[in-house]
Amino acid sequence: MYEAMGAKDIVSEIFTRPLGWMNTITSMRIIGSIGVIAAYFIILHVNLLWGVVINFIADLISIPFFIKTKAWDVVLMLSFLLAISMSKLLSWMQILCEL
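As a convention, each chain's residues are numbered from 1 in the sequence order in which they are written. The model is predicted, so local features are restricted to residues of pLDDT at least 70 and side-chain atom pairs to those at 80 or more, both for listing and for counting; the totals for chains, interfaces and linings are taken over all residues. The side-chain figures draw on all heavy atoms in the structure; neither hydrogens nor water molecules are used.

Let us now look at the packing of helix H3 (residues 48–68) against helix H4 (residues 72–98). Between H3 and H4, the least distance of the axes is 9 Å, while the angle of their chain directions is 155 degrees. Looking at the two axes, H3 sits roughly antiparallel to H4. In this structure, H3 meets H4 at a crossing whose hand is left-handed. Contacts between H3 and H4 involve Leu48, Leu49, Val52, Val53, Asn55, Phe56, Asp59, Leu60, Ser62, Ile63, Phe66 and Ile67 from the first element and Trp72, Val74, Val75, Leu78, Ser79, Leu81, Leu82, Ser85, Met86, Lys88, Leu89 and Trp92 from the second. Each residue receives one of three labels: charged for Asp, Glu, Lys and Arg, nonpolar for Ala, Val, Leu, Ile, Met, Phe, Trp, Tyr, Cys and Pro, and polar for the others, Gly being one of them. Partitioning the contact of H3 with H4 into residue classes produces 18 nonpolar, four polar and two charged. For helices, the axis comes from a line fit to the C-alpha atoms of the stretch in contact; other axes are also lines fit to C-alpha atoms, and the angle between any two N-to-C directions lies between 0 and 180 degrees. Only runs of H or I of at least four residues qualify as helices and only runs of E of at least two qualify as strands under DSSP, and these elements are numbered from the N terminus. Note that the term roughly parallel is reserved for angles under 35 degrees, roughly antiparallel for angles over 145, roughly perpendicular for angles of 65 to 115, and oblique for everything else. Crossings are classed by handedness, with left-handed meaning an anticlockwise turn of the near helix from the far one by less than a right angle and right-handed meaning a clockwise turn. Working rule for contacts: check all heavy atoms of both residues, and any pair within 4.5 Å makes them a contact.

Counting 11 residues, the largest nonpolar core consists of Val52, Phe56, Ile63, Phe65, Phe66, Ala71, Val75, Leu78, Leu82, Leu89 and Trp92. For this core, the secondary structure elements donating two or more residues are H3 and H4. Once residues lying within four places of it in the same chain are set aside, the contact partners of Ile63 are Val75, Leu78, Ser79 and Leu82. Nine residue types can take part in a nonpolar core, namely buried Ala, Val, Leu, Ile, Met, Phe, Trp, Tyr and Cys, and a core is a set of them joined through side-chain atoms within 4.5 Å. Burial classes follow relative accessibility: with a 1.4 Å probe on protein chains only, a residue under 20% of its type's maximum area counts as buried, one over 50% as exposed, and anything between as partly exposed.

Attention shifts here to the packing of aromatic side chains. Two aromatic rings from Phe, Tyr or Trp, using only the six-membered ring of Trp, form a pair when their centres are within 6.5 Å; if the ring planes differ by under 30 degrees the pair is stacked, by over 60 it is edge-to-face, and anything between is tilted. Within the structure shown, the criterion is met by one aromatic pair. With a centroid separation of 5.3 Å and an interplanar angle of 85 degrees, the aromatic rings of Phe65 and Phe66 are classed as edge-to-face. Comparing Phe65 with Phe66, the two get one shared label, buried. Note that Arg29 overlies the ring of Phe65, its terminal NZ or CZ placed 4.7 Å from the centroid. Lysine and arginine charges are scored as sitting over a ring when NZ or CZ, respectively, is within 6 Å of the ring centre and within 35 degrees of the ring normal.

A cluster of nonpolar residues, Met77, Leu81 and Ile84, forms a patch on the protein surface that exposes about 280 Å² of accessible area. With respect to the helices and strands, Ile84 occurs in helix H4. Judged by its relative accessible area of 55%, Ile84 falls in the exposed class. Patches in this entry comprise residues that are over 30% relatively accessible and not in a salt bridge; like charges within 9 Å are linked, as are nonpolar side chains (Val, Leu, Ile, Met, Phe, Trp, Tyr) within 5 Å. Here the Shrake-Rupley method, with its probe set to 1.4 Å, supplies the accessible areas, and only the displayed protein chains count as covering residues. Counted as salt bridges are all cases of a side-chain nitrogen of Lys or Arg within 4 Å of a carboxyl oxygen of Asp or Glu.

Another aspect to go through is the side chain of Ser62. Following the sequence through the fold, Ser62 ends up in helix H3. When sequence neighbours within four positions are dropped, the list of residues in contact with Ser62 reads Met28, Arg29, Gly32, Ser33 and Leu78.

With that settled, the discussion passes to the confidence of the model for the protein chain. By definition, pLDDT measures how confident the predictor is in each residue, and it falls between 0 and 100. Averaged over every residue, the pLDDT of the protein chain is 82; residues scoring 70 or more account for 78%. When the elements of the protein chain are averaged for pLDDT, helix H1 (residues 7–16) gives the smallest value, 59, and H3 the largest, 91.

Set out below in structure tokens:
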């Protein structure tokens, strides 16, 4: 497909396509990685609750990629991080219900 195209055309075509050009699991991993970085910024500079929520979602959508690639150490680490985030979210839910 790319044999007749120059390097500039290949790069242009790859970066102008929507995320649908790669498979869904890879897209989820990329979005999850961006989400983890955004969540870290939000935790530090904006709002702790929203940062934890975004971090939880980003970690959760990243896990299928690491299961598919059999990176079990990463799956285990993300599972622990999800458990920590969930405990923080549940404590906030308890506080909100008491109000």
